[in-house]
Amino acid sequence: MFNDIERKIIALVQGDMPVEKHPYRVIAGKVGTDEETVLSVLRNLNDRGIIRRFGATLRHQKTGFTANAMVAWCVDEERVEEVGKLMASFEQVSHCYRRNPAKDWPYNLYTMVHASDEVSCRNIAAAISEKTATEKYEILFSRKELKKTSMQYFGDDFSD
C-alpha cells in the first residue's frame, strides 16, 4: 500500500514535529530527500484520504492553562455546521467535534475549552452559549490526564 519513502515520511510525521522554521526540510534530511518531495508525498497521501489532517497536541499545563473542560452541547442537527464553526472560532477552544447523541445523553457537539481556572472555563462556555444561542450544555472538567500519545503506524527507524 505504501512505497518506501511514504513509509519513512509517515513514520516521521506520526510523532512530534521538529520545532524548526522549516520542519519538513528537517524531515527531508532524515529521509534522504528534499523538502518539496516530502510536501508532495504528504499532499498525495492527503489527496488519497490516507492522511486526513495534521493535529497539534496542546500540553496545556506547560502553557499556563491549568483548567480544561469538555463541553457537551445539544444543538439542532440543522445548525450543527453553523454552530460548530462559531464554537471553533473561540481561541480558547482547541477541539470541536460532532458526535451521535445517545438515548440518555442528547449532546451532539463537543468542544474542548482551555483556561487558567474552572471559573474561566465556565465563563467561556457561557460566552459560547450566548454567541451560538445554545442553552443546553454540560461542562465536564478534566481531573487527571491518564494518557496523551499519538498513534504509531510505523516504527521510527528513520528518525534520530
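You'll find the structure just up there.
Sequence order sets the numbering: in each chain, residues are counted from 1 along the sequence as written. At least 70 in pLDDT is required for a residue's local features to be given in this predicted model, at least 80 for side-chain atom pairs to be given and counted, and no such filter applies to totals for whole chains, interfaces and linings, which use all residues. Derived side-chain values reflect all non-hydrogen atoms in the structure, with water molecules and hydrogen atoms excluded from consideration.

**Side note on the pattern of salt bridges**
Then, number 1: Within this document, salt bridges are pairs made up of a side-chain nitrogen of Lys or Arg and a carboxyl oxygen of Asp or Glu, the two lying within 4 Å of each other. The full count for this structure, using the stated rule, is seven salt bridges.
Then, number 2: Here Arg-48 ties to Glu-6 by a salt bridge, and the two come within 2.7 Å at their closest N and O atoms. Here Arg-48, found in the loop between helix H3 (35-47) and strand E1 (67-73), pairs with Glu-6, found in helix H1 (residues 4-13); they are 42 residues apart in sequence, far enough to count as distant.
Then, number 3: Residue class for Arg-48 comes out partly exposed when judged on its relative accessible area of 38%.
Then, number 4: When a residue's accessible area, from a 1.4 Å probe over protein chains only, is under 20% of the maximum for its type it is buried; when over 50% it is exposed; and in between it is partly exposed. On the accessibility criterion, Glu-6 (7% relative accessible area) is buried.
Then, number 5: Its salt-bridge partner being Arg-143, residue Glu-118 comes within 2.4 Å of it at the nearest N-O pair. You can see Glu-118 sitting in helix H5 (residues 118-132) and its partner Arg-143 sitting in the segment after strand E4 (137-141), a full 25 residues away along the chain.
Then, number 6: The class of Arg-143 is exposed, set by a relative accessible area of 64%. Helix and strand assignments come from DSSP, with helices taken as H or I runs of at least 4 residues and strands as E runs of at least 2, each series counted from the N terminus.

**As for unusual backbone geometry**
Then, number 1: Although it is not a glycine, Ala-133 adopts a positive phi angle of roughly 55°.
Then, number 2: Structurally, the position occupied by Ala-133 is in the loop between H5 and E4.
Then, number 3: Residue Ala-133 is classed as exposed on the basis of its relative accessible area of 59%.

**Details of the side chain of Ser-129**
Then, number 1: The topology assignment puts Ser-129 in helix H5.
Then, number 2: Not counting residues within four places of it along the chain, the set of residues in contact with Ser-129 comprises Trp-73, Thr-134, Glu-135 and Tyr-137. Contact criterion: two residues are considered in contact whenever any of their non-hydrogen atoms come within 4.5 Å of each other.

**Considering H3**
Then, number 1: Given the number of residues in a helix, its expected span is that number minus one, multiplied by 1.5 Å. Taking 1.5 Å per residue as the helical rise, H3 with its 13 residues ought to reach 18 Å, and the 18 Å between its terminal C-alpha atoms agrees with that figure.
Then, number 2: As for H3, its buried residues are in contact with H1 and helix H2 (23-31).
Then, number 3: Polar contacts here mean pairs of N or O atoms no more than 3.5 Å apart (in protein, one a potential hydrogen donor and the other a potential acceptor; neighbouring residues in sequence count only if both atoms are side-chain atoms). Measuring from the side-chain oxygen of the N-cap residue of H3 to the backbone nitrogen of Glu-36 gives 3.1 Å; that N-cap residue is Asp-34.
Then, number 4: Just downstream of H3 lies Gly-49, where phi reads positive at about 80°.

**Observations regarding the pairing of strand E3 (residues 109-115)**
Along a regular strand, successive side chains alternate from one face of the sheet to the other.
Then, number 1: Among the seven residues that make up E3, seven are buried, leaving the element largely enclosed by the rest of the structure.
Then, number 2: Judged by which residues are buried, E3 turns out to be covered on both faces: Leu-109, Thr-111, Val-113 and Ala-115 on one side and Tyr-110, Met-112 and His-114 on the other are all buried.
Then, number 3: Here, a strand pair is defined by DSSP locating no fewer than two bridges between the strands. Across seven bridges, the pairing between E1 and E3 is antiparallel. When the sheet's bridge partners are listed, Asn-68 is paired in E3 with His-114.
Then, number 4: Pairing between strand E2 (residues 93-98) and E3: five bridges, direction antiparallel. Residue pairing for E3: Cys-96 is matched across the bridge by Thr-111.

**Notes on the nonpolar core**
Then, number 1: By nonpolar core we mean a set of buried residues, namely Ala, Val, Leu, Ile, Met, Phe, Trp, Tyr and Cys, connected to one another through side-chain atoms within 4.5 Å. Trp-73, Val-75, Met-87, Leu-109, Val-113, Cys-121 and Ile-128 are the most contacted members of the largest nonpolar core, which totals 18 residues.
Then, number 2: Those elements that provide at least two residues to this core are E1, helix H4 (80-88), E3 and H5.
Then, number 3: Apart from the residues within four sequence positions on either side, Trp-73 is in contact with Met-87, Tyr-107, Asn-108, Leu-109, Tyr-110, Thr-111, Ala-125, Ile-128, Ser-129, Thr-134, Lys-136 and Tyr-137.
Then, number 4: Among the nonpolar cores identified, the runner-up in size contains 14 residues, and Leu-12, Ala-28, Leu-45 and Ile-51 belong to it.

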